Amino acid sequence: MGIQFIDLKAQRKRLKSQIDAGIQAVMEHGAFIMGPEVREFEKQLAEFGQAKHALGCANGTDALVLSLMALGVGEGDAVFCPSFTYCASAEGIANVGATPVFVDVCADTYNMDVESLKQAIIDINETAGLSPKAIMAVDIFGQAADYRLLSQVAQAEGLKLIADSAQGFGSTIDGNHPLNWADITTTSFFPAKPLGCYGDGGAVLTNDDQICETVDSLRIHGKGEHKYDNVRIGMNSRLDTMQAAILLPKLSVFADEIEKRNAVAQKYHNALHNQVERVPTVLEGGISTWAQYTIEVSDWLRLATQLKEKGIPTARYYPNPVHGQSAYKHFPVVSSGLPQTEACLDKIISLPMHPYLEEDVQNQIIEAVIEAVN
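For the structure given in this document, a descriptive report is provided here. (Residues numbered from 1 in each chain as written. Predicted model: local features only at pLDDT ≥ 70, side-chain atom pairs only at ≥ 80, totals over all residues. Heavy atoms only, no water.)

## Thoughts on the layout of surface pockets
Our working definition: A cavity here means a set of 1 Å grid points, computed over protein atoms only, where a 1.4 Å probe fits but cannot escape. A pocket is an open set with protein on both sides within 12 Å along at least 5 of 7 lines, and lining residues have an atom within 4 Å of a point. Grid points are joined across faces, edges and corners, and a volume is the space filled by probe spheres set on the points. Helix and strand assignments come from DSSP, with helices taken as H or I runs of at least 4 residues and strands as E runs of at least 2, each series counted from the N terminus. Ten residues, namely Ala, Val, Leu, Ile, Met, Phe, Trp, Tyr, Cys and Pro, are considered nonpolar, four, namely Asp, Glu, Lys and Arg, are considered charged, and the remaining ones, Gly among them, are considered polar.
As a volume, the largest pocket reaches approximately 480 Å³. Y86, A166, S188, F190 and K193 are, among the 25 residues lining the largest pocket, the residues nearest its centre. Broken down by element, the lining of the largest pocket gets its largest block of residues, three residues, from helix 3 (residues 60–70). Among the residues making up the lining of the largest pocket, the classes are represented as 12 nonpolar, nine polar and four charged. Of the voids in this model, the second largest pocket is the one considered here, and its volume is about 170 Å³. Around the second largest pocket sit 11 residues that line it, and G2, D7, Y356, E358 and V361 are the ones nearest its centre. Looking at the lining of the second largest pocket residue by residue, the classes come out as six nonpolar, three polar and two charged.

Next up, the structure:
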């Protein structure tokens, strides 16, 4: 088997007995929907994420929609989000009838730029028919956005703050998870994510009792106290018991895997920071989960081609940002533009990254990168 971009089989080998036992237990008790493993996983996920509450749901996109619904976001509301992300961030906003407003990212971290956000808020305050409602920061490539700064803007402007941690759940700043500053954190358990299941899954984390109660209702058809009295219009978005059983052993080794990912990232950094145009920058006090290791080079196609010839996979994330995609072109873009977003598009490329990347294999990748860019 060749080099893997993300090696799920290596993790499976480590956790096989625990995962198989968890699946078998679900098969035996038969509580396939909202079974005991879901409750246990939610409890452990909340503890890991420094949250009072964690609620599983069907996928990461639903986690965003549920959060926006719980915050009362809807038609006429503006929600600020980066364009340099997967479309799901803006999709969730549009699906509740609100308007995504695209802001720029920082050149070094690819996360939301605070000055661009401030300008976008000014823009919307001067726009008829729209009212600023929330900020949706995206923890891109595994690193938390700078919530220390974003929360100051949110508080000053009276906005809700959502941490879209689909890629970055487990990342911290000064030992604190994003929920230390945000009203809600969402995440995805898509298999390729740092904490992924064997299908779709997601979660909402919050310290707010009312938000928790509302999300719990919304994810189960707007349920009330009685089975046949639904008190709000909700949706059907539950984390399968089987996926929770798979996630429990994965969560038990997640902290160790984050350490291993950081060791891989450090080795890449040491070898490549003087060889390529840009290597990832981590915020002071920050720890990334390294969902991806993304570098910038002058000729990404040449690098990708030469690495492919040597059996080394690469990937290109978001070469067409959301604001340039057909379904989203009509939504507002901050008046100062998206210069940093545009600047990285022809340079970004991601290298293999996972906790089980063996040192000799990583050396092979590094050598191939250096040869290709020189």
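## Focus on the packing of aromatic side chains
Applicable threshold: Pairing of aromatic rings covers Phe, Tyr and Trp, the last through its six-membered ring, and needs centres within 6.5 Å; plane angles under 30 degrees mean stacked, over 60 mean edge-to-face, and all others mean tilted. Note on exposure labels: buried denotes an accessible area under 20% of the residue type's maximum, exposed denotes more than 50%, and partly exposed covers the range between, all computed with a 1.4 Å probe on protein chains only. Sitting over a ring, as applied to charges here, requires NZ of Lys or CZ of Arg to be within 6 Å of the ring centre and within 35 degrees of the ring normal.
Per the stated rule, a full pass over the model turns up 14 aromatic pairs. Geometrically, the ring pair formed by F48 and F169 is tilted, given 5.9 Å between the ring centres and 40° between the ring planes. Taken together, the positions of F48 in helix 2 (residues 36–48) and F169 in the loop between strand 5 (160–164) and strand 6 (172–173) put the pair 121 residues apart, joining distant regions of the chain. Residue F169 is classed as buried on the basis of its relative accessible area, which comes to 6%. The interplanar angle of 65° and the centroid separation of 6.2 Å between the aromatic rings of F141 and Y317 together place this pair among those described as edge-to-face. Taken together, the positions of F141 in the loop between strand 4 (131–138) and helix 6 (147–157) and Y317 in the loop between helix 10 (300–309) and helix 11 (339–344) put the pair 176 residues apart, joining distant regions of the chain. Taking the relative accessible area as the measure of exposure, F141 reaches 6% and is therefore buried. Site record: aromatic cluster; members linked through ring pairs are F84, Y110, F141, Y317 and Y318. In this structure, R316 packs its charged tip against the face of W300, placed 4.0 Å from the ring centre.

## Overview of the pairing of strand 1 (residues 53–57)
To be explicit about the condition: Strands pair, by our definition, only if DSSP identifies at least two bridges between them.
Most of strand 1 is tucked away: five of the five residues are buried. Across the two faces of strand 1 the burial is the same, with H53, L55 and C57 and A54 and G56 all buried. Note: strand 1 against strand 8 (residues 202–206), five bridges, orientation antiparallel. Following the sheet pairing, A54 is matched in strand 8 by L205.

## A closer look at helix 8 (residues 241–252)
This is how the line gets drawn: One less than the number of residues in a helix, times 1.5 Å, gives the span that helix is expected to have. Note on contacts: a residue pair is in contact if any heavy atoms of the two residues lie within 4.5 Å.
Between its first and last C-alpha atoms helix 8 spans 17 Å; for 12 residues at 1.5 Å apiece the expected length is 16 Å, and the two agree. Taking burial as the measure, the 12 residues of helix 8 include 10 buried ones, the bulk of the element. Along helix 8, the residues classified as buried are T241, Q243, A244, A245, I246, L247, L248, P249, K250 and L251. If you follow the buried residues of helix 8, they end up packed against helix 1 (8–29), helix 2 and helix 9 (254–272).

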